[in-house]
Amino acid sequence: SQTIHQWPATLVQPVGSPLSLECTVEGTSNPNLYWYRQAAGRGLQLLFYSVGIGQISSEVPQNLSASRPQDRQFILSSKKLLLSDSGFYLCAWSVSGGIDTQYFGPGTRLTVL
Amino acid sequence: AQSVTQLGSHVSVSEGALVLLRCNYSSSVPPYLFWYVQYPNQGLQLLLKYTSAATLVKGINGFEAEFKKSETSFHLTKPSAHMSDAAEYFCAVSERSGGYQKVTFGIGTKLQVIP
């Protein structure tokens, strides 16, 4: 069966510091991968998606970047965090090429102080 | 462009009462529709999905939803609320966009179950 991992679970970082959040998927090959941010009362905002290694698309301009160095690894990064980057970050995967369920990881709670 | 509207950001029901969470969507193509549940500080878990087969979809934990094309609705129901149903519920619509699946989520409805 497929599983999706995210770490760390929680993170407190000062403004201006770098960020690296990692997501890995097990039990499937060539998944589509997604990063979402969830802010209170605002639902889920899609930040990045990837249909393959090295292929990253951004939905909104922002202070963050994403990379996919391996088939089942998706990394969310920032060089300098802003207060507005605080939130709950969710990674998800879906089967490539279809319209199907997105499966979510447990999330990372990021607080920027 | 697709969109999702969830009416009521907070819903309270008594334990044992009917749960009804409303969702309306707009989509330029036949939609795929989903309901997800999120418990505090956890990821989203799929409750059920509609993919153009039966219009009444049954999911986990006793939930079901009915796709009504004429009303562009996909409301979530459960006959009898349980304390463990207290969570946040998200409706979502999905369609193909280029090479990936574009999913648009509603803002969520927090369900409170009163003992």
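Coordinates for the structure precede this section.
The rules behind these values
- Residues numbered from 1 in each chain as written.
- Chains lettered and ligands numbered in written order.
- Predicted model: local features only at pLDDT ≥ 70, side-chain atom pairs only at ≥ 80, totals over all residues.
- Heavy atoms only, no water.
- Helix = DSSP H or I, 4+ residues; strand = E, 2+ residues; numbered from the N terminus.
- Rg over C-alpha atoms; globule rule 2.2 N^0.38 Å.
- Buried < 20%, exposed > 50% of the residue type's maximum accessible area, 1.4 Å probe, protein only.
- Salt bridge = Lys/Arg side-chain N within 4 Å of Asp/Glu carboxyl O.
- Pairing = 2+ DSSP bridges.
- Axes fitted to C-alpha atoms, helices over the stretch in contact; angles between N-to-C directions.
- Contact = heavy atoms within 4.5 Å.
- Buried area = accessible area lost by both parts, 1.4 Å probe.
- Polar contact = N/O pair within 3.5 Å; in protein donor to acceptor, adjacent residues only side chain to side chain.
- Nonpolar A, V, L, I, M, F, W, Y, C, P; charged D, E, K, R; others polar.

*Asks:* Explain the overall build of chain B residue by residue, including any values.
*Replies:* Along its length, chain B carries zero helices and 11 strands. Listed N to C, the secondary structure of chain B is β-β-β-β-β-β-β-β-β-β-β in terms of helices and strands. What you see for chain B is a C-alpha radius of gyration of 14 Å, in line with the 13 Å of a compact globule of 115 residues. Across its three principal directions, the C-alpha atoms of chain B cover 45 × 30 × 20 Å. Buried residues in chain B amount to 44% of all 115 residues.

*Asks:* Report on the pattern of salt bridges, specifying residues and quantitative values.
*Replies:* Throughout the structure, instances matching the rule amount to five salt bridges over all chains. Ionic pairing is found between E59 of chain A and K102 of chain B, a salt bridge with its closest N-O pair at 3.3 Å. You can see E59 of chain A sitting in the loop between β6 (55–58) and β7 (65–70) and its partner K102 of chain B sitting in strand β10 (residues 100–105), one on each of two chains. With relative accessibility at 25%, the residue K102 of chain B sits in the partly exposed group. Among the salt bridges present, the one from D71 of chain A reaches R68 of chain A, with a minimum N-O distance of 3.3 Å.

*Asks:* Quick one: what's the story with the sheet that holds strand β3 (residues 19–26) of chain B, residue by residue and with numbers?
*Replies:* Residue and element names in this part refer to chain B. Here we have five strands laid out as an open sheet, ordered β1-β3-β8-β7-β6, and antiparallel in their pairing. Strands with a single pairing partner mark the edges of an open sheet, and in this sheet they are β1 (3–7) and β6 (56–58). Direction aside, neighbouring strands of the sheet carry axes that sit 20° apart on average. In terms of strand pairing, β3 meets strand β8 (residues 73–78) through four bridges, oriented antiparallel.

*Asks:* Any chance you could break down the interface of chain A and chain B for me, citing the residues and the numbers?
*Replies:* Tallying the contact residues gives 25 residues for chain A and 23 residues for chain B. For the chain A and chain B pair, buried surface summed over both sides reaches about 1,900 Å², with 54% attributable to carbon and sulfur atoms. On inspection of chain A and its partner chain B, the count reaches one salt bridge. Where chain A touches chain B, the interface holds six residue pairs in polar contact (both at pLDDT 80 or more). Of the residues that constitute the side of chain A that touches chain B, the class distribution is 11 nonpolar, 10 polar and four charged.

*Asks:* Outline the environment of N24 of chain B, listing residues and values.
*Replies:* All names here are of chain B. For N24, the position within the fold is in strand β3. Sequence-wise, N24 and L7 are 17 residues apart; in three dimensions their C-alpha atoms are separated by 8.1 Å. With residues up to four places along the chain from it excluded, the contact list for N24 reads S3, V4, T5, L7, E71, T72, S73 and H75.

*Asks:* Outline the sheet that holds strand β8 (residues 73–78) of chain A, supporting the account with residue identities and numerical values.
*Replies:* Residue and element names in this part refer to chain A. As summarised here, the arrangement of the four strands in space is β1-β3-β8-β7, forming an open sheet in which the pairing is antiparallel. The two strands at the open ends of the sheet, each matched to only one other strand, are β1 (3–7) and β7. In this sheet, adjacent strand axes meet at a mean angle of 20° when their direction is disregarded. The pairing of β7 with β8 spans four bridges and is antiparallel. Opposite S65, over in β8, you have S77 as the bridge partner.

*Asks:* Now, about the pairing of strand β5 (residues 44–50) of chain B: what can you tell me, with residues and values included?
*Replies:* Residue and element names in this part refer to chain B. Bridge count between strand β4 (residues 32–38) and β5: six bridges; the pairing is antiparallel. When the sheet's bridge partners are listed, Y36 is paired in β5 with L46. Here β4 folds back onto β5 in antiparallel fashion, the turn holding five residues, of which N41 has a positive phi close to 60°.

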